[in-house]
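As a plain string of letters, each chain reads:
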Amino acid sequence: MGEPEKKKAEIKISGMHCATCAINIEESLGQLKDVNRAQVNLGTDTAHVEFDPEKVKLSDLEKAVKDAGYEVINRQATIKVGGMVCATCVETIEAALRELPGIAAATVNLGTEKAYVTYNESITTLQDMKKAIEDAGYQYLGLAEELSEEQEQKIRAKDLHDKFLRFTIGFAVSIPLMLAMWVPLPVPMHTLAYVMLVIATPVFIYVSSPIFRAAGMALSHRMLNMDVMYAMGIGVSYVASVMGTFSIILTHEFMFYDTAIMLASFLMLGRYLEARAKGRTSDAIKKLIGLSPKTAIIVKDGKESEIPVENVAAGDIVIVKPGGKVPVDGEVVAGESYVDEAMITGEPVPPLKLKGSRVVAGTISQNGVLSVKATKVGKETVLAQIIRLVEEAQGSKPPVQRIADVAVTYFIPAVLAIAIISFLLWYFILGSTLLFALTALISVLVVACPCALGLATPTAVTVGVGRGAELGILIRNGEALEIAEKVTTVAVDKTGTLTRGKPEVTDLVPAGITEETLLAFAAAVEKNSAHPLAQAVVRRAGERGVKIDFADHFTTFGGRGVSATVLSETVLVGNRALLSENAVAVPIDAESRISGFEQDGKTVVLVAAGGQFAGMIAIADTLKESSKAAVSQLDGMGIGVVMVTGDNRRTADVIARQAGIRQVIAGVLPDTKAKEVKALQEKGGTVAFVGDGINDAPALAQADVGIAIGSGTDVAIESGDVVLINNDLTDAVAAIQLSKKVMGRIRGNLFWAFAYNTALIPVGAGVLYPFFGITFRPEFAAAAMALSSVTVVSLSLLLKKYIPPAKLGRT
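Position numbers for residues count from 1 along each chain, tracking the sequence in the order it is written. With pLDDT at 70 or above as the cut-off, local features in this predicted model cover only qualifying residues; side-chain atom pairs require 80 or more to be listed or tallied, and sums for whole chains, interfaces and linings still use all residues. As a rule here, side-chain values come from all non-hydrogen atoms in the structure, and water together with hydrogens is ignored.

**Q** Quick rundown of the packing of helix 7 (residues 226-245) against helix 13 (residues 434-447)? Include the residues and the values.
**A** It is at 8 Å that the axes of helix 7 and helix 13 come closest, and there the two elements cross at 150 degrees. In this view, helix 7 runs roughly antiparallel relative to helix 13, as classed from their interaxial angle. The element helix 7 and its partner helix 13 pack so that their crossing is left-handed. Contacts between helix 7 and helix 13 involve M229, Y230, M232, G233, V236, S237 and A240 from the former and L438, L441, I442, L445 and V446 from the latter. For this classification, Asp, Glu, Lys and Arg are treated as charged, while Ala, Val, Leu, Ile, Met, Phe, Trp, Tyr, Cys and Pro are nonpolar and the rest, including Gly, are polar. Here the contact of helix 7 with helix 13 is composed, by residue class, of ten nonpolar, two polar and no charged. Only the stretch in contact is used when fitting a helix axis, every axis being a line fitted to C-alpha atoms; angles between N-to-C directions are given from 0 to 180 degrees. Helix and strand assignments follow DSSP, with helices taken as H or I runs no shorter than four residues and strands as E runs no shorter than two, numbered in order from the N terminus. Orientation categories follow fixed angle ranges, with anything under 35 degrees roughly parallel, anything over 145 roughly antiparallel, 65 to 115 roughly perpendicular, and all other angles oblique. Should the near helix be turned anticlockwise from the far one by less than a right angle, the crossing is termed left-handed; should it be turned clockwise, right-handed. Every residue pair with non-hydrogen atoms within 4.5 Å of one another is taken to be in contact.

Printed below as a string of structure tokens:
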């Protein structure tokens, strides 16, 4: 025997920073038995590996790299696949792709008819995947991102038209043939048999040819799928009819021509309705893709020109006219307009965009012209990232899918066994007629339906994840959906999650002057400071329309405050120490007010003018309007809420009391929040953490479900298991409610699929006949089979209209 063919792989690695890293990876790869050579290039961050693909898989190489403490960077592809009809088709394609040496992971979604593949392009190419899919008997329709919506609709319309023609012609012929069997005709039986053979044969071939073609392909790959069972059912019907026509063993009573065509027609009708319904499960992603404008108007050398959006580069100035879509992510450099961001954020009220405001691709300028400097284009835009995340999530499998996967593995062999046993039992043991036994065999073969099992989970995940995206809730994968449903404790960061995240003026207490005068004095001094408290004062003055006068001789007193001259008066803004140093007395009644504010967790800024106490301004990071309602809703769902914050205990308790939170963990440093989350997990239950996608990254990673809260269109897409586009805790509640709804629908679908098969396969086998005289005609069995998968898809489609209770009144 010759030497086995060796494969060479080039693996991209992240996390290396020195020569020792390279040596560690080489040693880890070299320990694999059938790796001949491993060489790591630190300069290019790549490992060149020679190995035996018969004994070592790409996943083994990746595990060796990860065990050494580094990460592997692979390519990802989403492939449109045609010709899938049932759960066994999914298994067949996944197995065919996974057999390729360069495939790290392959997941197929029957609902969206896509294969999601992670691969190493140095070992396996797209051409290899195309060949594997086609060799397995399915159609490679191209990469999903390269297949335009128009092309996809054209392919789908052609497929639907073909199925429509087949079942229409089938019913048009089979119904008259059935009537001819029931209605006495003045024609000898043997003559009628020949006439039916001539009429039925070409129609039977036309209607059933896709079924036999797919069955033949499956058998050539030693696979049993639904097409094999259907082909057996309708094949037995037709062959028995031919044998009866020519009196070969069977008699004229075995005339199943009408049944054979009707069975194939019902199957085509079922697949037609299923394909139409499945086409609607991806409506949300199609809407997102449809948001991307095809062209953009750019300004170069003072002239406007319209170009394809893919030709826009970062730094270009783009013009967005009223009613036009923003083609890129960028910053407004001129103009103002209200911009509709509902399609991204789910928020119905359009915000006003001015110079300096950020805008994102896919949003719509309503009433003004904007000049936008492009900062992110193409696949880097927020919209592109959302589309990519939603597609990946729709292609993922939650753990509950394993139930269906295991069931499908044993389903078809079990059904074939039941069909054969029922025939043998009725004919040889119970002494029934050959006609009855054959009818039971055919009924079992055509009533069984693993399609419903195969569609139960992916259709619900696809529609549910898409619905989440429409509501501004981005769910990373099916596992996050399943875990979020089980959440028992929600740990919440305070600053920016429960609160607004920036100080706000809450109280103005003037002494001998008006509130406006107090604000005017304080703002005139504070506008020279960059301190957050100073900015809060200036912001409130602007909101109240207070005139801010010029201030000079601005001075800062470290840790105490600031001073300046305003309208020839010396104005002090700071704490007690600053006023005391400048011989300004604070009245006794003012001291009691100060103490009250401080007990409420507020910071008090004292103001003096002309050597006299002028009043005080209370400032605090205030609770968001929606936070209290969100906490109340979580309580109502039986979910505990814990505040985890780096702030001091007094301030934390004040905010917790306002929000209705009973458990507070205060004084926690950012890098120890993850430890607090772990401590909550060790008490039992499932913990979700809601926080900022950047500052709270360790805690988000530690939690069973990390819910990263965004700030409108400025959102860190990669930051959590669930990403909320809007900075609103209510959406975290909505995410949990959505996950419960989707998982409930998956369980309902699985129950329906299992119940259908458990109930009707025995009926088809004739179990009820001895007791009630009930049999299952093959035509009705085929109709029930068609109905089952359509029912599952239709139940999943109901999620498209679902609004989580937390969002009611806001959407």
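**Q** Let's hear about the nonpolar core: which residues, and what values?
**A** By size, the foremost hydrophobic cluster in this structure holds 174 residues, and its most contacted members are I79, M84, L97, L288, V490 and L498. For this core, the leading source of residues is helix 25 (residues 729-765), giving 16 residues. What L288 contacts, discounting residues up to four positions off in sequence, is M343, L383, I386, I387, V390 and A469. Buried Ala, Val, Leu, Ile, Met, Phe, Trp, Tyr and Cys residues form a nonpolar core when they are joined through side-chain atoms within 4.5 Å. Relative accessibility under 20% of the residue-type maximum defines a buried residue, over 50% an exposed one, and the middle range a partly exposed one, all with a 1.4 Å probe and only protein chains included. The next biggest cluster of nonpolar side chains, apart from the first, holds 26 residues, and it includes A524, V546, A564 and V571.

**Q** Give a description of the sheet that holds strand 8 (residues 139-143) that names residues and reports values.
**A** Think of it this way: DSSP has to see at least two bridges between two strands before they count as a pair. Strands sit in the order 6-7-5-8 across an open sheet of four strands; the sheet is antiparallel. Each of the sheet's edge strands pairs with one partner strand only, and the pair in question is strand 6 (103-109) and strand 8. Averaged over all pairs of adjacent strands, the angle between their axes in this sheet comes to 25 degrees, without regard to strand direction. Along the sheet, helix 4 (residues 126-135) contacts strand 5 (75-82), strand 6, strand 7 (114-119) and strand 8; its crossing angle with strand 8, the most-contacted strand, is approximately 155 degrees.

**Q** Could you give an account of the side chain of S563, with specific residues and numbers?
**A** Note on placement: S563 falls in strand 22 (residues 561-566). Residue classification places S563 among the buried positions, given a relative accessible area of 8%.

Shape is all these values report; function is a separate question.
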